[in-house]
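Take a look at the letters that make up each chain.
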Amino acid sequence: MQYTIQPNEQVSDEIKRIVDGKIELAIEHIDESNDRHDTVHEVRKRCKEIRAAVRLVRPVLPTYKQENVHYRDAARRISDIRDAHAAIETFDDHLRPAVEARGVLDDQTLSDIRSILVDRRETIAAEQNLTQRLTAVREDLIEGRTRVPDLPIATEGYDAVAGGLRKSYNRARNRMGEAYEEPEFERFHEWRKRIKYHRYHTRLLRRVWEGPMKRRRTELKELSDVIGYENDLAEFELMMKDEELFEPETRELLTGLITAKRAEFHRQGRPLGECLFAEDPDRLVDRFGAYWTATHEYDPSL
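The sections below set out a description of the structure shown in this document. (Residues numbered from 1 in each chain as written. Predicted model: local features only at pLDDT ≥ 70, side-chain atom pairs only at ≥ 80, totals over all residues. Heavy atoms only, no water.)

Overview of the packing of aromatic side chains
- Counting across every chain of the model gives ten aromatic pairs.
- Measuring from centroid to centroid gives 6.0 Å for phenylalanine 288 and tyrosine 291, while their planes differ by 25°, and the two rings are stacked. Here tyrosine 291 and phenylalanine 288 lie together in helix α11 (residues 281-298), a separation of three residues that amounts to about one turn.
- Residue classification places phenylalanine 288 among the buried residues on the basis of a relative accessible area of 2%.
- Among the residues examined, tyrosine 291 registers a relative accessible area of 15% and is labelled buried.
- The rings of Tyr180, Phe188 and Trp191 are connected pair by pair, giving a single aromatic cluster. (Phe/Tyr/Trp six-rings, centres within 6.5 Å; stacked < 30°, edge-to-face > 60°. Helix = DSSP H or I, 4+ residues; strand = E, 2+ residues; numbered from the N terminus. Buried < 20%, exposed > 50% of the residue type's maximum accessible area, 1.4 Å probe, protein only.)

Side note on the pattern of salt bridges
- Tallied over the entire structure, the rule returns 30 salt bridges.
- A salt bridge links arginine 36 to glutamate 122; the nearest nitrogen and oxygen atoms lie 3.4 Å apart. Of this pair, arginine 36 sits in helix α2 (residues 36-56) while glutamate 122 sits in helix α5 (residues 107-127), placing them 86 residues apart in sequence.
- On the accessibility criterion, arginine 36 (34% relative accessible area) is partly exposed.
- Between arginine 194 and glutamate 190 there is a salt bridge, with its nearest N and O atoms 2.8 Å apart. Separated by four residues within a single helix, arginine 194 and glutamate 190 lie in helix α8 (residues 185-204), roughly one turn from each other.
- Given a relative accessible area of 12%, arginine 194 falls into the buried group. (Salt bridge = Lys/Arg side-chain N within 4 Å of Asp/Glu carboxyl O.)

Focus: empty space enclosed by the protein
- The full count for this structure, using the stated rule, is two cavities of 30 Å³ or more.
- In this structure, the largest cavity spans a volume of roughly 60 Å³.
- Lining the largest cavity we find Arg55, Arg58, Gly164, Lys167, Ser168, Arg171, Arg194, Tyr197 and His201.
- Mapped by element, the contributors of at least two residues to the lining of the largest cavity are α7 (159-181) and α8.
- Looking at the lining of the largest cavity element by element, the count peaks at four residues for α7. (1 Å grid on protein atoms, 1.4 Å probe; cavity = no way out; pocket = protein on both sides within 12 Å on 5 of 7 lines; lining within 4 Å. Points joined across faces, edges and corners; volume = space filled by probe spheres on them.)

Some words on the environment of leucine 130
- Looking at the secondary structure, you find leucine 130 in helix α6 (residues 130-147).
- Considered as a pair, leucine 130 and aspartate 92 are 38 residues apart in the sequence and their alpha carbons are 23 Å apart.
- In this structure leucine 130 touches Arg36, His37, Val40, Ile78, Ile81 and Ala125, once residues within four positions along its chain are discounted. (Contact = heavy atoms within 4.5 Å.)

Looking at the layout of surface pockets
- The space that makes up the largest pocket amounts to roughly 1500 Å³.
- Along its surface, the largest pocket is lined by 44 residues, and Arg44, Lys48, Asp83, Arg192 and Lys196 are the ones closest to its centre.
- At the level of secondary structure, the elements contributing two or more residues to the lining of the largest pocket comprise α2, α3 (64-76), α4 (79-102), α5, α8 and α9 (210-242).
- Ranked by residue count, the leading element in the lining of the largest pocket is α4, at eleven residues.
- Counted by class, the lining of the largest pocket contains twelve nonpolar, seven polar and 25 charged residues. (Nonpolar A, V, L, I, M, F, W, Y, C, P; charged D, E, K, R; others polar.)

Written as structure tokens, this is what we have:
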């Protein structure tokens, strides 16, 4: 099931097809996967893709708020468990390599840190009854699916997507300025969310001109990853301090490494963001609209 609006189909039909397909995939993950934590990750991704699809048509979808909140709340049922697993990934991918490169902790201490993180994840999964929560998410998905055929998308053509595209791009552009003006965790976290929505929208609209849209999507993925790593490190630090995990000396050492890595990711993200969000929102929407017209109206193969 392609996560893209086909140029020879009605936008309303395509959004319904995409949302229904992502719901089906999420249900399959719950029913068929043997890895509970992989299931959590994949189901949350499907909910984000659904929310991005309805955001693209939000100005012409009167029930947008209801749909957005529905899938947001479904994903939140398992967010704590996903965050606990993400802490392990952050340690494995960023902190452990940084520690090993500097030779500041021995192998036993590193193993102990990881064991604490794994135990923490399993404790949270047990306390929150992960199986029960996934069952509840499945019920949410089935309920949402009953509304898909009747989603009241009021307009077709580029007019159906232009408003949502403008809003998502403009918000990402504004959040970038706010993040670098005052580089706090919350501001970079908000920017990352907006980057991802704009990236999803370039996926949905990729058929308007596949080559340039693929390049933009690739660059947005790179930026999203860089800012995502920064977010993950910030959340790791908050968790570590709030819960007083590890020995005080270990926390202090890891805090110093996190500060340095976050600053590095801030520097990496700046030029990417400035390039990707340099364009005025109206100009970007007009440019994509010109691609849409060329593809939909003048391509003889469609």
